[in-house]
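# Structural characterization, general
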Amino acid sequence: MESYVQHAPCLFFVTSDNGTLLDVNDYLCESLQYSRRELLGLKPDVFFSVATRIFQQTHFYPLLKMQGHAEEIYLTLLTKDGGQLPVLINAERKVLEGEAVNLHVGIVVHNRKKFEDELIAAKKSAEAALHENSALLQAKQELQRHSEELDRQIQLVYTQNEELKQFGRVVTHDMQEPLRKLSVFADLLQQHDRSETETDRLMEKIGRITQQLKALLSGLQQYVWLTETPLVPSAVDLSRLLLEMQQQLADEHKDVQVRIEASTLQPLAADLKQMRLLFYEILSNAIRFRRETGKVYVAVSAETLHLNQFHSLEGKYKFVEFIRIQVKDQGIGLPQAYTGQVFELFKRFDAKSGRGIGLSLCKQVVNNHGGSITLESEPGEGTLVTIVLPLHPRGEEAKPALEPPQTISNKTSYANDV
Amino acid sequence: MCSKTILFVEDDEDDRDLLSMAIQEINASAKLVFMENGLRALEYLNGVKQASQLPCLIVLDLNMPFLDGKETYQKIKEDLQLDEVPVVIFTSSSNPNDRELFSRQGVEFITKPDNFSMMNTIVVHMLDLCGKHPN
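Residues numbered from 1 in each chain as written. Chains lettered and ligands numbered in written order. Predicted model: local features only at pLDDT ≥ 70, side-chain atom pairs only at ≥ 80, totals over all residues.

### Examining the interface of chain A and chain B
As a measure of interface size, the accessible area lost when the parts come together is often cited. Tallying the contact residues gives 15 residues for chain A and 15 residues for chain B. Of all the secondary structure elements, the ones that give two or more residues to the side of chain A that touches chain B are α5 (110-174) and α6 (176-190) of chain A. For the side of chain A that touches chain B, the element with the most residues is α6 of chain A, which contributes eight residues. Classifying every residue of the side of chain A that touches chain B gives four nonpolar, four polar and seven charged. (Contact = placed C-beta atoms within 7 Å. Helix = DSSP H or I, 4+ residues; strand = E, 2+ residues; numbered from the N terminus. Nonpolar A, V, L, I, M, F, W, Y, C, P; charged D, E, K, R; others polar.)

Below is the structure:
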């Protein structure tokens, strides 16, 4: 058995309690390039590296003395010619023949060291890759955010430029016109040879023009309010809003029978005041441009769709949820060629036209919400207004701002009884 | 070629009224035809041109629904027969770009006055322009 131990493929050595080598096997001698005779009586320091020596004195032997055994201790041994031999040592302290001895068995672990190094290197490179990847993702997100902001700014510049042109026209024409007329009619009044009927007619004109001017200014004020007041988004229940509008319009137009029929309408995150204004103006137009019958029927339908949020930047895409609301009336309609102009400030097409600002306000509301509004019409065919609004305001997609869609019956009718 | 008819293309009822009053005041024999926008004016012009009853002057407002003064003027220029009739722009627009645009084309640009005696002077001037093509 002893001879087997001499040749077993493991390093075996025995030390006394004072640290002197009492025995070594042949495999150890061969591995470390010493002869048995050279080693016996010496301390194992001879084949310990400096680090191993320190470790042996501070940890290994105190542990062995205290617990009687030590396992899987990783040490680097030195061969005679200075080479390094990584070994894994198990040791046990025994009292044999009345004397305490320390028995050590070591196996050479060249490959384990290699694997460990490889593992550490792999872990480091994985960490680096992860870091780089998250930096890249962050940069990508940042870029996306900047693109969205840029697109919003371009859109804003475009709209503001359009507004400026319109304001230019308002100042050079729409405001001048009533003032000039007032001046001419006042001038005519001052002429002494006017008959009483003539004077009454002129006074009536002056009164009417003054009212028009007042309406124009209040419309302009409302428009400026819409461009300046920041949005206060909340979950807007369109079905309820239409019901409110129905009642309000019925009160304002006692002689008209108004029926609004709405399909299931999903709530959306929007500014409630502005939504009220939007639907009030559209529905008022349906009443103003009604047929002679005295009955107004408006159908409101809605569907959600995914559209590109980018308006101005080419090749940029971010598909977000939009709601498309269509309001269809059966009124007198308007030639399709002029439907693009109806959103301009104070553009009036008919003696029935109101202040000429309603649809400009509507456009401003949908612009404020990052949406769009279009109008399709044919004389005698009624008018279809299509409003497209994002379901969530920009930058708030992640917020669970909305309650789940209300389950109302597929068709809801609101009708006032006349 | 023309009757002593002035075509007045104007969407504002008060302005149409003022022009009638001025014509009456100076006791002019000219007939006034009113059209409320460019579209209606072109319909009228195309109708009377067949019967060689074109007006002696077309007075165009600029801001009008459906077809504004600028667009109407372009349409008139495109028609050789209609182009024979002198055109005057009569507007409350004080936009210098509009003025510049028409003066470059030799079209008289008259700003609507803010007193009635000036209105009379302008109508006398318009009657004077009747049938006289500036080019």
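Now that the structure has been shown, the text picks up again.
### Some words on the nonpolar core
Counting 44 residues, the largest nonpolar core has Leu242, Phe279, Ile282, Leu283, Val298, Val300 and Cys362 of chain A as the members making the most contacts within it. Residue contacts for Leu283 of chain A: discarding those within four places in its chain leaves Met245, Leu249 and Val298 of chain A. One finds Val9, Val59, Leu62 and Phe90 of chain B within the second-largest nonpolar core, a separate group that totals 33 residues. (Core = buried A, V, L, I, M, F, W, Y, C linked by C-beta atoms within 7 Å. Buried ≥ 20, exposed ≤ 12 C-beta atoms within 10 Å, placed from the backbone.)

### A few points about the environment of Leu305 of chain A
Residue and element names in this part refer to chain A. In this structure, Leu305 sits in strand β9 (residues 295-308). Given 11 C-beta atoms within 10 Å, Leu305 falls into the exposed group. With 15 residues separating them along the chain, Leu305 and Val320 place their C-alpha atoms 8.2 Å apart. Non-local contacts of Leu305, meaning those with residues more than four positions away in its chain, are made with Phe322 and Arg324.

### Quick look at unusual backbone geometry
Residue and element names in this part refer to chain A. With phi around 50 degrees, Glu72 is a residue other than glycine that occupies positive phi space. For Glu72, the location among the structural elements is in strand β3 (residues 69-78). For Glu97, which is not glycine, the phi dihedral falls at a positive 50 degrees. Overall, the presence of 5 C-beta atoms within 10 Å leaves Glu97 in the exposed class.

### Remarks on the packing of helix α8 (residues 238-252) of chain A against helix α9 (residues 272-288) of chain A
Residue and element names in this part refer to chain A. Contact geometry of α8 with α9 gives a least axis separation of 10 Å together with a crossing angle of 50 degrees. Considered as vectors, α8 and α9 are oriented oblique to each other. Viewed along their axes, α8 and α9 form a crossing whose handedness is right-handed. Listed contacts from α9 to Leu241, Leu242, Met245 and Leu249 of α8 are Met275, Arg276, Phe279, Tyr280, Leu283, Ser284 and Ile287. Across the contact of α8 with α9, the residue classes tally to nine nonpolar, one polar and one charged. (Axes fitted to C-alpha atoms, helices over the stretch in contact; angles between N-to-C directions. Parallel < 35°, antiparallel > 145°, perpendicular 65-115°, else oblique. Left-handed = near helix turned anticlockwise from the far one by under 90°.)

### Things to note about the confidence of the model for chain B
Residues with a pLDDT of 70 or more make up 96% of chain B, whose mean pLDDT is 88. Quick note on the complex model: pTM equals 0.63, ipTM equals 0.84. (pLDDT = per-residue confidence, 0-100.)

### Considering the pairing of strand β2 (residues 21-24) of chain A
Residues and elements named next belong to chain A. Summarising the sheet, strand β1 (residues 11-16) and β2 pair through three bridges and their orientation is antiparallel. In the sheet register, Val14 faces β2, and the bridge partner there is Asp23. Between β1 and β2, which pair antiparallel in sequence order, lie four residues; one of them, Gly19, sits at a positive phi of approximately 100 degrees. (Pairing = 2+ DSSP bridges.)

### Description of the pairing of strand β4 (residues 87-91) of chain B
All names here are of chain B. A large share of β4 lies buried, amounting to five of its five residues. Of the two faces of β4, both are covered, the one formed by Val87, Ile89 and Thr91 as well as the one formed by Val88 and Phe90. Sheet topology note: the strand β3 (residues 57-60)/β4 ladder contains three bridges and is parallel. Residue pairing in the sheet places Leu60 in a bridge with Ile89 of β4. For the crossover that starts at β3, traverses helix α3 (residues 69-78) and ends in the parallel β4, the hand is right-handed. Relative to strand β5 (residues 108-111), β4 runs parallel, the two being bridged by four bridges. Looking at β5, one finds that Ile89 is bridged to Phe109. For the segment spanning β4, helix α4 (residues 96-104) and β5, crossover handedness is right-handed. (Right-handed = clockwise from strand over helix to strand, strands pointing away.)

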